[in-house]
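Descriptive analysis of the structure
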Amino acid sequence: MTAQNENASDTAQTLTIDRPSLAAQNFRLFLQNPGAVGGVIFMLVVTVSAILAPWLTPWEPHEIDVQAIRKPPSVDHWLGTDLTGRDMLTRILYGGRVSLLIGLAAVIIRTVIGLIVGSLSGYFGGVIDFFGQRIVDIMIVFPDIFFLLIVIAIIGPTPWTLLIALGFLSWPFDARIFRSQVLSIRELDYILAARSIGTTTGRIVRQHVTPNLMPLVLVNMTLNIGVAIIAEAGISFLGLGVQPPTPSWGNMITSANNLSLIQRFWWLWVPPGGVLVGTVISLNLIGDALRDILDPRWRAS
Amino acid sequence: MTQYIIRRVLVAFPMLIVITYINFALMRLAPGDPTLFMFVTAETQGMTPQQVRDQLGVQEAYKGRGEDEGTSNRDFLHERLGLNDPIHIQYFRWLGRVVQGDFGRAMRTAELIGPELAVRVRVTIRLTVLATLLSVGIGVVAGSLSALYQYSAFDNIVSFITYILISVPGFLLATWVIIIFAIRLGWFPAGGMYNARTGGDFWDRVYYLILPVMAMGISGSAGLIRWTRTSVLETMRADYVTVARAKGLKERIVRSRHIFRNALLPILTIVGRSIPFVIGGSAFFEIVFNYPGVGMWTAKAAEAKDFSIMIATITVTAVLVILSNLIVDICYCWVDPRVTYS
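Note that the structure is predicted; figures quoted are calculated from it, not measured. (Residues numbered from 1 in each chain as written. Chains lettered and ligands numbered in written order. Predicted model: local features only at pLDDT ≥ 70, side-chain atom pairs only at ≥ 80, totals over all residues. Heavy atoms only, no water.)

Side note on the overall build of chain A
Looking only at helices and strands, one finds 15 helices and zero strands in chain A. Dimensions of chain A, computed from the C-alpha atoms along their principal axes, are close to 75 × 55 × 30 Å. Counting all 301 residues of chain A, 49% fall into the buried class. For chain A, the proportion of contacts with a sequence separation of at least 24, taken over those separated by at least 6, is 69%. Accessible surface computed for chain A: about 14600 Å², of which carbon and sulfur atoms make up 68%. One way to put it: in chain A the 19 positive side-chain charges average out to a point 5 Å from where the 19 negative ones average out. (Helix = DSSP H or I, 4+ residues; strand = E, 2+ residues; numbered from the N terminus. Buried < 20%, exposed > 50% of the residue type's maximum accessible area, 1.4 Å probe, protein only. Contact = heavy atoms within 4.5 Å. Areas by Shrake-Rupley, 256 points an atom, 1.4 Å probe, with all protein chains shown as cover. Lys, Arg positive; Asp, Glu negative; His and termini not counted. Charge placed at Lys NZ, Arg CZ, Asp CG, Glu CD.)

This is the structure in structure tokens:
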């Protein structure tokens, strides 16, 4: 940047030619953030190994071995075995599929609904806004976890119920954030200009509103995947999460979350807990870095 | 301001009605026959068919669940309890009783819900209020220091701890608080509300309250630390702070009067917004510390599918959240006269 500023006095032409694209600049900024890069690497390793689980481990996630119950890590079982002799590493890999899927799917659901409600509310205002916001108010005021408990108590605890319930209950938070963003975008001068020269609403939304909204959506999604993964763990703890024997990081931690087990058999909770905490921290580091880079108000600092 | 309070209270009522109506309707839609529970409950309590008939007011002969007579008894009960009426009529009938403090009986144990609810609500309020105060305390102190000494070792440590706190599930943190402070160090009891042997006086209850409040307060402080740090940093860059320094005010004065006062006031809004999470999250700490509040009861009722307890606890929770939001808004209006609610 300093080199460019020095050159600025020469000619304006060289400046425009030499300048890398915005995406390239942002990518370079992202690489300068060690936490975010570490987060991306961690997430890549976790995601890829969860997807490749059947090829990475010789064991089956439900394979019970009464000869090897609560065995510490060994050559055969790298992370030991659990209360019924199942291989911990295998269950963490398969559990990752469940936890990551719940996190991702719940976030996609909440983001899509949040975007629809939030942008309609923000862009059109009026009656749509009034009713949209009243629904949001009511849903935000009531503790999500209790809604979840009711829904799951009624429909029954399966991974699908969980991700759908998580997604459908948390969209109001997104709707509120997106609405206020759309409201401020709508008032920008170039939108007014576009409207004054007769640009259609569809085109304004596609060309001007969406690109301005996307950074916020991206940052929000990254952070919320972590929120959903933790929520899954919490619901597992309350007994209504993913039901055993299907593993999830949440129900693995829960099954060891007992004053005696947790002190005597560290490998029952440290590995699943570590992966869960690592995943959520990574997502937060990535999300924070994206926010710093994509939100120009923050770049000044 | 009085007008503002009145309007806020008036808005709160329809909100409460909608929330409870949705929950009520959801639970009525749940599969399973609520009257079946009554027969099962009565039988598991070892009542004779005669006693069951008397208690439930079934006039026809009741011989036992699963027999043909059971069906007609059920029809009779449905009619008598009004379960055949449209949901909104059932809802307003229920609302009429709730207003009088009658929450009905638990489906499985057939015990009155009202009295236990009253005790548990007080427990949860005590826990959540104290934990919130602790969270705010930690958040303000750690967040402000982090901002004043931005990029220092302290700031880095705090931000590291914040990341951990955001990522560790509350129940895991609570379990470790018990292991460290109750089991390893033996400073505090591992759970419960008071010493069951002595009955527990005031100080005994305080003693039992320390660990759950600590765990819950620390767990909830992460968001507030982050928010405070950002807010203070933003305020430090404000023009009026530069002006205050330029006109030669002492740094201490600039910090206390210009930075903190302006940066920290909006924390009330953040606290208000976090109330549903705090009350919902209270369930985890109540369970781990065996501290019997509303959250724990809701979770247990959900597991047992006891919808009559659930609708009671959920109604009370909704009232609690709406009330505390109201209090927060009024406080904010009071401390920050710039805020005008029109």
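Past the structure itself, the notes keep going.
Observations concerning the overall build of chain B
Counting secondary structure elements, chain B contains 14 helices and zero strands. Listed by position from the N terminus, the elements making up chain B come as α-α-α-α-α-α-α-α-α-α-α-α-α-α. Expressed as a percentage of the 342 residues in chain B, the buried residues total 45%. As displayed, chain B offers around 17500 Å² of accessible surface, 63% of which is attributable to carbon and sulfur atoms.

Focus: helix α6 (residues 88–124) of chain A
All names here are of chain A. Helix length check: α6, at 37 residues, gives a terminal C-alpha distance of 52 Å against a target of 54 Å (1.5 Å per residue), a fit within 8%. The buried fraction of α6 amounts to 26 of the 37 residues, a majority that puts the element mostly inside the structure. Downstream of α6 by one or two residues, G125 has phi in the positive range, about 65°. (Expected span 1.5 Å × (residues − 1).)

Some remarks on helix α14 (residues 270–294) of chain A
With 25 residues, α14 of chain A should cover 36 Å at 1.5 Å per step; its first-to-last C-alpha distance of 35 Å lies within 8% of that length. Extensive coverage of α14 of chain A is indicated by the burial of 19 of its 25 residues.

With respect to the confidence of the model for chain A
Residues and elements named next belong to chain A. Taken over all residues, the pLDDT of chain A has a mean of 83, while the share at 70 or more is 92%. Per-element confidence in chain A ranges from a low mean pLDDT of 47 for helix α1 (residues 2–8) to a high of 91 for helix α4 (residues 34–51). Note that pLDDT drops below 50 for residues 1–12; the model gives that stretch four contacts with residues more than four away or on any other chain. (pLDDT = per-residue confidence, 0-100.)

Here we look at the interface of chain A and chain B
Contacts between the two partners involve 37 residues from chain A, matched on the other side by 49 residues from chain B. Carbon and sulfur atoms supply 80% of the area that chain A and chain B bury against each other, a total of about 3800 Å² over both sides. Salt-bridge contacts for R226 of chain B lead to D288 of chain A; the nearest nitrogen and oxygen are separated by 2.3 Å. Joining chain A to chain B, the criterion identifies two residue pairs in polar contact (both at pLDDT 80 or more). Those elements giving two or more residues to the side of chain A that touches chain B turn out to be α7 (126–141), α8 (144–155), α11 (201–237), α12 (249–256), α13 (259–264) and α14 of chain A. A class-by-class count of the residues in the side of chain A that touches chain B yields 28 nonpolar, seven polar and two charged. (Buried area = accessible area lost by both parts, 1.4 Å probe. Salt bridge = Lys/Arg side-chain N within 4 Å of Asp/Glu carboxyl O. Polar contact = N/O pair within 3.5 Å; in protein donor to acceptor, adjacent residues only side chain to side chain. Nonpolar A, V, L, I, M, F, W, Y, C, P; charged D, E, K, R; others polar.)

Re the side chain of E232 of chain A
Residue and element names in this part refer to chain A. Tracing the sequence through the fold places E232 in helix α11. Lacking a salt bridge, the buried E232 has R91 as its closest oppositely charged neighbour, with an N-O distance of 11 Å. Within the structure, E232 has its side chain in polar contact with the side chain of S99 (distance 3.5 Å). When residues no more than four places from it in sequence are discounted, the contact partners of E232 are S99, I102, L162, V242, S248, W249, G250 and N251.

Structural notes on the nonpolar core
If you look at soluble globular proteins, the nonpolar side chains tend to sit buried side by side. Residue and element names in this part refer to chain B. Within the largest apolar cluster, 134 residues are counted, with the highest numbers of intra-cluster contacts made by F289 and M310. The element best represented in this core is helix α14 (residues 307–335), accounting for 12 residues. When sequence neighbours within four positions are dropped, the list of residues in contact with F289 reads A174, V177, I178, A190, G191, G192, L211, P212 and A215. (Core = buried A, V, L, I, M, F, W, Y, C linked by side-chain atoms within 4.5 Å.)

Some points on the side chain of Q90 of chain B
All names here are of chain B. The topology assignment puts Q90 in helix α5 (residues 87–99). On the basis of relative accessible area, Q90 is assigned to the buried category, the value being 6%. Sequence-distant contacts of Q90, defined by excluding residues within four places in its chain, comprise F24, R28, G82, L83 and D85.

As for the pattern of salt bridges
For the structure shown, the criterion picks out 12 salt bridges over all chains. Where R245 of chain B meets E251 of chain B, a salt bridge forms, and the shortest distance between an N and an O atom there is 2.8 Å.

Examining a nonpolar patch on the surface
Residues and elements named next belong to chain A. A contiguous nonpolar surface patch, about 610 Å² in accessible area, is contributed by L104, I108, V112, I116, L120, F124 and I128. Among the elements that line the nonpolar patch, the one with the most residues is α6, at six residues. Look at L120 and you get partly exposed, because its relative accessible area is 36%. (Patch = residues over 30% accessible without salt bridge, like charges linked within 9 Å, V, L, I, M, F, W, Y side chains within 5 Å.)

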